[in-house]
Each structure stands twice: as structure tokens, then as C-alpha cells.
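# Residue-level structure breakdown
Residues per chain, in single letters:
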Amino acid sequence: MSDLLRLLEFDKIREMLAARCQFSVARERALKLAPSADAAQVAYLLAVTREAVRLLAKRPGFSIGGFRDLRPLLDQARRGQVLDGMQLRTILDTLEAARVVRRHFGEQERWRERFPHLAEFVEAMPDLPGLRAELARSIGPRGEVLDSASPELARIRSAVKDAHERLLDRLRRLLVERQDAVQEAYYTLREGRYVIPVRADRRASVPGIVHDVSSSGQTVFVEPFEIVDLNNRWREFQAAESHEIERLLRRLTLLVNEHDAELERLIEAGAALDLALAKARLAEDLSATEPELIDASRAAVPGGHPRKRIRLRQARHPLLDPTTAVPIDIELGERFRILVITGPNTGGKTVALKTVGLLALMAQAGLFIPAAEGSGVSVFPAVFVDIGDEQSIEQSLSTFSSHMRRIVATLDQADADSLVLLDELAAGTDPQEGSALARAILERLLEIGVLGVVTTHYPELKAFASSTTGLENASVEFDPVTLRPTYRLIIGLPGRSHALEIARRLGLPESIVRRAQELIGGGQLELDAWIAELQRRLARAGREAEEAARARAEAERLRTEAEQLLREAQREREEARASAFAEFEAELRRVRDLVRRLERRAESGAYPEPRVVEEGMRALEEARRRLRETSTGLAKSRGFRVGDRVEIPVLGLEGEVVAVFPDEDEVEVRVGNFRLRQPLAAVRRIDEVAKPSPREMYPRSTATAVLPTSTVEPELHLRGLRVDEALSRLDRYLDRAALAGLPWVRIVHGKGTGTLRQAIHDFLRDHPLVERWELAAPAEGGHGVTIVYLRP
């Protein structure tokens, strides 16, 4: 397996993946990543990567944060070694990072539903709140043991501080009292005890213990007898503090050891999640797509494979520069089982072969592949590869012998479900014997039934592939003008060596080139000429296909822009229509308020002023006019049938009605290749364009058209609404019901506390459109429903 992964450069893919991991344990997993031969496992791995890609698309900055590798610390705790403060802090940081990840999946709406596989990793992270709380209470951000770790430690540290203050206070007073004897007015530490610098010639004036002497001998560092007890007391408290810290660290280490298994699971779950995110990052960097897992039930044609397929579209080798790499299209298994690629050296044959093998391995490792959408591969239980010069110096084997050893192993171990990739088959020996041997090997591979790709220089294999079921020719394109390969792979066409063209371009005498052509023979030259003509035709067809594709893309772009413009125009029309109705409703409310004021004055016996009456009449007349125009316009637009030719004046378009939606007052019109829905009021029949306007058709005194009753339901539900919102809806609803000509309506407000029902009844009492109201019969809702009778 290791040779296979190295030959196909899968080890470099591992390194690229590891570089995108943020957790050291995940990096280890990435460097050990291997393809799976289990189709169900491969499907699961790809599903995990798919979820990670979607997660990073939604939240690009998501990561596992501060996870650390705790395995060495757990191993140390198992051996009974006490963990220090920084090591315990590392464990706490990892627990906090896991808590943040769990919170993300717990708080984000539907994350567990959208990313079920990733959620499994998160759910596998144990919470351990007790351990986390104990560590947080005991260990500070720099690994220091906090006073809150235990009451005893807090008491000891307080005593240490008090003893230290008393000691320093006495030292400061001594420096003042013995200023004639000290070298300088400062104190310092020697061997963990405080001392003062005394002049050597005044040593006797400061009784005490000498701890050090300066290099010049002029200064003696003395611990005066007066502070010995204070020093001792301070040191005793320091020792007690150290003992308590040691006890706490040992206790915390034992607590960590008790949760050894849970912490191991936490590390594994964090590594799995980070590895999935690294796969998603690699997919983004490679512009990779998810490969389809193909499991064919039967061969499409006799030469195809009964189960296995490889379908790569615009595939690129992931280690090549994506800006310069030429993508290739390869399909194996549908019409043939083995692809025989021929062509000049450095033309891209080996790269194409490696691309097939490497992308198959990437897919089986749960990685997305750098290929276009629609690419897919089958899962291969075994992959056999022979690439490059694998000469073994230690065993004194020739290049040919080295290749033969691999091929022998392949023929011995491969079965019908294997993928076989052979570069320069049977090369490195006599051309005639090598060609015959290569043909015999291909025949054997066909008998086994493998799926494979073979590259060769032998011209005899071109004819063999053309005439043998299960084989197909392919070539890498070469430009004889520039003497450079184009790296395009052409399926169905054998390659040429281009040796004579290259020799002529490089200046070889023409006489020698012609003699070489004579020695080759006319048949070979005719074959080369035929192949060259096919290549030119294919190149021309390819250019035409590219031009057609560009034209289709441009047409699609224009169609998209046109649809966007139509959507914007429709939105603007709908907004204009909504604005018009809003203005109309506002006018109705103003008129209704005026009517209410007039009624209240009439009831109180106070007759309104003539000016107020005149203003009310004008408002009523204006509302009646606007209602007539709106209603008439809607009524005129009714009666459309499928097939009617219509005009959309606001867009300046003509089309044909293909659907009518009477309940929504809309029709669907086909304009050219597009369809759009329009309000009835925005569409006119072609034969109606010259007809008189609604104002001319319906005189002012006879405009009695109303809005269709089918657009207003006879029942309004207000349960659960606040009073102000319910009354606002009720107000608008009564306006529409009156316009629709409904004689009565049902208002469902529920029973509850009765607050909403009372507010509705108070509102109906002064409403100008309401004649009377009453509670529904018990069988029809009782106190939860009010029947409102509208004025005719």
C-alpha cells in the first residue's frame, strides 16, 4: 500500500491535508490517511466532508479552537506523575474549547439536522462539568494555582503576605538605624533569606549571620539577628504554601486520571471534527467537487465493465498549478475497460494516468476531487500501479526487470474489480519483443476483466486497441508547429511520435528526413497522415464546440438578465398596485371618520356647519369616483381565456395567455420564450386596445361595479392577537367585506377573559358600516364568535 500511495503521490495529498489541520492530533490522522475499499465507509466519509464543506460555507471561520493533544499528559497521570499547573491549564483549555464547539451546535438553529455526521463528533465530546469547574477554580491562565483552590491555601498565602510585610518593615527600619554601617540603603536576598549590605570595616556594628561577600570584599551581606525569627517565620509559611500546592496538584492529577477514558474520547472526537474541516478547506483550495460513487449494475455495451466506472470531467492533477494545468475528460467502464494512451514523451500520458489513479484514491479516502460536477468513480478493492523507473540497485535488477516484477504481481493478484495503471508497458527491452509482450499482457488483463489505463510507445498496440473489444485508443495532443505538447487528452484517437516533424524543425537535413520516411514505408506514413487529419478535424470540432458553448453561456446570461428585469418590473408593478390600494384605503378611513363625526353631531342635536357638510360630500364623491375607476378596471380585465392575445402596456410587450388564476386576479402570459404572471388590471386584450376608456364606458352616475365577492372570506379569525392589532385587522376587513357586498360576517375572537370580545363590541358600536351585531348560537361558537350584520 505504501508503494502504491507513493507512486501516485497520495503522500503529498496527505501533506496538503495535514497543513490545513489546526489540531496536532488531526494532523497525525491526516498524514496516515488511507483509502477505504468499503463502499459504505467511502460513502460515509464523503458525506462527512460534504457536511464540513456546507458548514464552512455557512460559517467560514468555524474551527475547534484551542484543542490540545492531551495524550502525553494522560499517560503521565497514569504513571502516577503529578501534573504541573501549565499542564492542568492545557487540559482546562481543551475542555473549554470543546464546550464552545458544543454550544455552537446546541445554539445554532437546525445545525444538528443539517450536519448530522458532524453532530455525532460533537456529541461524542464528553462535557465533564465537574472536572472543568474544579480546574477553573484552581488553575489560573498562566498555570498558577489560585487562592480559590482551597481555603487552606488562601489562609497560608495570607499569612505569607503578613509575615513578608512585617519582615520588610523591620528591614527598612534597620537600614535607617544602621545607615552609618550599610554600604547602600537597600536589602536583597541570599539563599532565600533577606540580608542587608554592610561595609566590611563596620561588620562588628551589625551582629548577624554572614551569607555572602562581594567580589571586591568591601561589602558583607548580613542577616541581622533581629530579623532571623522574621525570616524563619516567612520561610516556614512559604514551605507550607509549597506543600499545599503540591497536595492540590496531586489531587487534581488524580481527578484527571479518573476521567482518563472520557478525555481520550474528547481528543479523538476533536481530531475527527478537525480532520473533516481540513478536508473541506482542501476542497475549497482545490476548487474540488464531491465525486459520485458509481455502482453500475451492468455494462452498457459488450466491451464495458459490468460494475466499475470512472467518469472524470475537466479533471486536474491536484499537484499541478490550476492556472496552467490542462483539464482532461476520461470515461472508463461504459464502452471499454482499458484505455491505451499513446503519444510523444513529456506529452502528458503519465500525468493523465496518475490523475485517474490519484483521484480514485482521493475519493476512496473521503476527499473531494478537482474535477467538474458530474464526475464519479467506483470503489475499487485493489489498485495496482507501475509507474516510472523503479530500478532496484540493491538487487541488481534492470529497469525492465523491475517493471516486470510489478506486472507479475499485478497479474497474479488482480481480479475483475481491480483498477490497474501501467505506465510505458513492457518498455526497456527490444521493441519487437516488448511490443509482443505488451499485447499479451493486455490480453491477459482483458481476460481478468480489470478496469485500467495503459501508456505505451509501441505503434503495434494502436492497431490492437482499435480492433479489440474492451480496449480504446487515446492520445495526448502535440503541436508540431511549436514543438510543444498541448496536454489535451483525445479519447478514440491513437497518438503519433512526431519524431520526423521535430527532426525537420530542428534542422535535420531534408534528405535524411525523406530517407527515413522511405524506410518507414508508405503504409505507416499514410496512417500517420490519417491520424494527423483526424487530429485537425477534432481540433476544429473542439474549437467549434467551445464557441458554441460560449454562445450558449452568453444566451443563458442574457436570458437570466431578461428574467431579472421582468421580475423587477413585476415587483415594481405590484408595489405600485399595493400603493394605490393603500391610498384608497386611507381615503376610505378618512371618509369613515368624517361620517362618524357627522353621525355623532346628529345624535347630539348639533347640526354641522355647511362647510363641514360640503367637505364631507366632496370626500364621499371622490371616494366613490376612485372606487368606480378601480372596480371598473378590474371588472374590464376579467373574462380572459387561454389562447387570448394580450398586451402588457407597462412593459410594452405582447403575448399569449397560457393560464388564468381567477382566485388571485392574475393571468400567466407567454412572451417569446419567457412566461410571466401579471395582475388582471395590467393586461388588455389586443382587440380591446382601441376601445373607449373605462371613464367613457361607464358614466359617472352609473358606476356601480364592485370588487368580486370571492376575494373576501365571510369569517375573520382574531384569536391570540393583541387588542390594537385585532381592531386594525377588523377595520380593514369590514371595509373589504362591505365593498364585496357581504350581508354579514363572523368574527372569531375566542372566549378567554372577554377583554378582546368587549373591545371588539365597543369598536363595532361606532362603526359606520355596521348595522348591528350579536353573539353566535352556542352550537356555532357562543361567546367566542360575534355575528356582524353590515349595512346595505
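Conventions used here
Residues numbered from 1 in each chain as written. Predicted model: local features only at pLDDT ≥ 70, side-chain atom pairs only at ≥ 80, totals over all residues. Heavy atoms only, no water. Pairing = 2+ DSSP bridges. Helix = DSSP H or I, 4+ residues; strand = E, 2+ residues; numbered from the N terminus. Axes fitted to C-alpha atoms, helices over the stretch in contact; angles between N-to-C directions. Contact = heavy atoms within 4.5 Å. pLDDT = per-residue confidence, 0-100. Buried < 20%, exposed > 50% of the residue type's maximum accessible area, 1.4 Å probe, protein only. Arc of directions from axis to C-beta. Core = buried A, V, L, I, M, F, W, Y, C linked by side-chain atoms within 4.5 Å. Phe/Tyr/Trp six-rings, centres within 6.5 Å; stacked < 30°, edge-to-face > 60°. Lys NZ or Arg CZ within 6 Å of the ring centre and 35° of its normal. Parallel < 35°, antiparallel > 145°, perpendicular 65-115°, else oblique. Left-handed = near helix turned anticlockwise from the far one by under 90°. Nonpolar A, V, L, I, M, F, W, Y, C, P; charged D, E, K, R; others polar. Salt bridge = Lys/Arg side-chain N within 4 Å of Asp/Glu carboxyl O.

### Considering the sheet that holds strand β23 (residues 785-790)
Taken together, 4 strands build an open sheet; the order of strands is β20-β21-β23-β22 and the sheet is mixed. With one partner strand each, in any of the chains shown, β20 (715-717) and β22 (770-775) form the two edges of the open sheet. Across this sheet, the average inter-strand angle for adjacent strands is 20 degrees, counted without regard to direction. With 5 bridges connecting them, strand β21 (residues 744-748) and β23 associate as antiparallel partners. Along β23, the bridge assignment pairs Val 748 with Val 785. Most of the contacts of helix α22 (residues 723-740) go to β21, to which it runs at about 160 degrees, and overall it touches β20, β21, β22 and β23. In this fold helix α23 (residues 755-765) packs onto β21, β22 and β23, with an angle of close to 155 degrees to the strand it touches most, β22.

### Regarding the confidence of the model for the chain
Averaged over all residues, the pLDDT of the chain is 81; the fraction at 70 or higher stands at 79%. Ignoring residues within four places in sequence, the model shows residues 631-638, a span with pLDDT below 50, making 21 contacts including any to other chains. Note on residues 688-710: pLDDT under 50 across the span, and 25 contacts to partners over four residues away in sequence or across chains.

### Regarding helix α8 (residues 116-123)
For an α-helix, 3.6 residues make a turn, and residues three or four places apart therefore share a direction. Within α8, burial applies to Leu 118, Ala 119, Phe 121 and Val 122. For α8, the buried positions fall inside an angular range of 155 degrees around the axis, keeping them on one side.

### Remarks on unusual backbone geometry
We note that Ser 287 has phi near 50 degrees; this positive angle belongs to a residue other than glycine. At Glu 424, a position not held by glycine, the phi torsion is positive, near 55 degrees. Turning to its location among the elements, Glu 424 is positioned in the loop between β11 (419-422) and α15 (431-448).

### Overview of the pairing of strand β16 (residues 653-661)
As paired strands, strand β15 (residues 645-648) and β16 are joined by 4 bridges and run antiparallel to one another. Directly across from Glu 647, in β16, lies its bridge partner Glu 654. Note: β16 against strand β17 (residues 666-671), 5 bridges, orientation antiparallel. In the sheet register, Val 657 faces β17, and the bridge partner there is Val 669.

### Some remarks on the environment of Leu 118
By secondary structure assignment, the location of Leu 118 is in helix α8. Owing to a relative accessible area of 0%, Leu 118 belongs among the buried residues under this scheme. In the structure, Leu 118 is positioned 70 residues away from Val 48 in sequence and 6.6 Å away in space, judged by C-alpha atoms. Apart from residues no more than four positions distant in its own chain, Leu 118 is found in contact with Val 48, Glu 51, Ala 52, Leu 55, Phe 105, Leu 273 and Ala 276.

### Some details on the nonpolar core
Of all hydrophobic cores here, the largest spans 108 residues; its most connected members are Leu 118 and Leu 263. It is helix α12 (residues 260-285) that contributes the most residues to this core, 13 residues altogether. Counting residues in each nonpolar core, the second largest holds 23 residues, with Ile 338, Ala 414, Ile 441 and Leu 445 among its members.

### Overview of the packing of aromatic side chains
Scanning the model with the defined rule gives 4 aromatic pairs in all. Ring plane angle 40 degrees and centroid distance 5.2 Å describe the contact between Tyr 194 and Trp 234, whose orientation is recorded as tilted. Here Tyr 194 is found in strand β2 (residues 193-199), whereas its partner Trp 234 is found in helix α11 (residues 225-258), with 40 residues between them in sequence. For the pair formed by Tyr 194 and Trp 234, the shared burial category is buried. Chaining the aromatic ring pairs together yields one cluster made of Tyr 187, Tyr 194 and Trp 234. Residue placement shows Arg 190 over the ring face of Phe 221; its charged tip is 4.3 Å from the ring centre. In this structure, Lys 308 is placed above the aromatic ring of Phe 380, and the distance from its NZ or CZ to the ring centre is 5.9 Å.

### Quick look at the sheet that holds β2
Across the sheet, 4 strands lie side by side as β1-β2-β4-β3; this open sheet has antiparallel pairing. With one partner strand each, in any of the chains shown, β1 (188-190) and β3 (208-213) form the two edges of the open sheet. Averaged over all pairs of adjacent strands, the angle between their axes in this sheet comes to 50 degrees, without regard to strand direction. With 5 bridges connecting them, β3 and strand β4 (residues 219-224) associate as antiparallel partners. Paired with Ile 209 across the strands is Glu 223, a residue of β4. Along the sheet, α11 makes contact with β1, β2, β3 and β4, crossing β4 at roughly 70 degrees.

### Some remarks on the side chain of His 305
The residue His 305 is located in the loop between β5 (292-293) and β6 (310-315) in this model. Note on His 305: relative accessible area 0%, which makes it buried.

### Here's the deal with the packing of helix α5 (residues 71-78) against α12
Remark: α5 packs on α12, axes separated minimally by 10 Å, with the N-to-C direction vectors making an angle of 165 degrees. Classified by the angle between their axes, α5 and α12 sit roughly antiparallel to one another. Where α5 crosses over α12, the two elements pack in a sense that is left-handed. Residues Arg 71, Leu 74 and Arg 78 of α5 touch α12, and the partners they reach there are Asp 260, Leu 263 and Glu 264. In terms of residue class, the contact of α5 with α12 is made up of 2 nonpolar, no polar and 4 charged.

### Comments concerning the pattern of salt bridges
This model, assessed by the stated rule, comprises 49 salt bridges. Between Arg 202 and Asp 180 there is a salt bridge; the shortest N-O distance is 3.1 Å. On the criterion of sequence distance, the pair formed by Arg 202 in the loop between β2 and β3 and Asp 180 in the loop between α10 (151-177) and β1 is long-range, its members being 22 residues apart. Judged by its relative accessible area of 28%, Arg 202 falls in the partly exposed class. Of the charged contacts in the structure, one is a salt bridge between Arg 729 and Glu 725, with a shortest N-O distance of 3.1 Å. Of this pair, Arg 729 and Glu 725 both sit in helix α22, 4 residues apart, which is roughly one turn of that helix. Relative accessible area serves as the criterion here: at 26%, Glu 725 is assigned to the partly exposed category.

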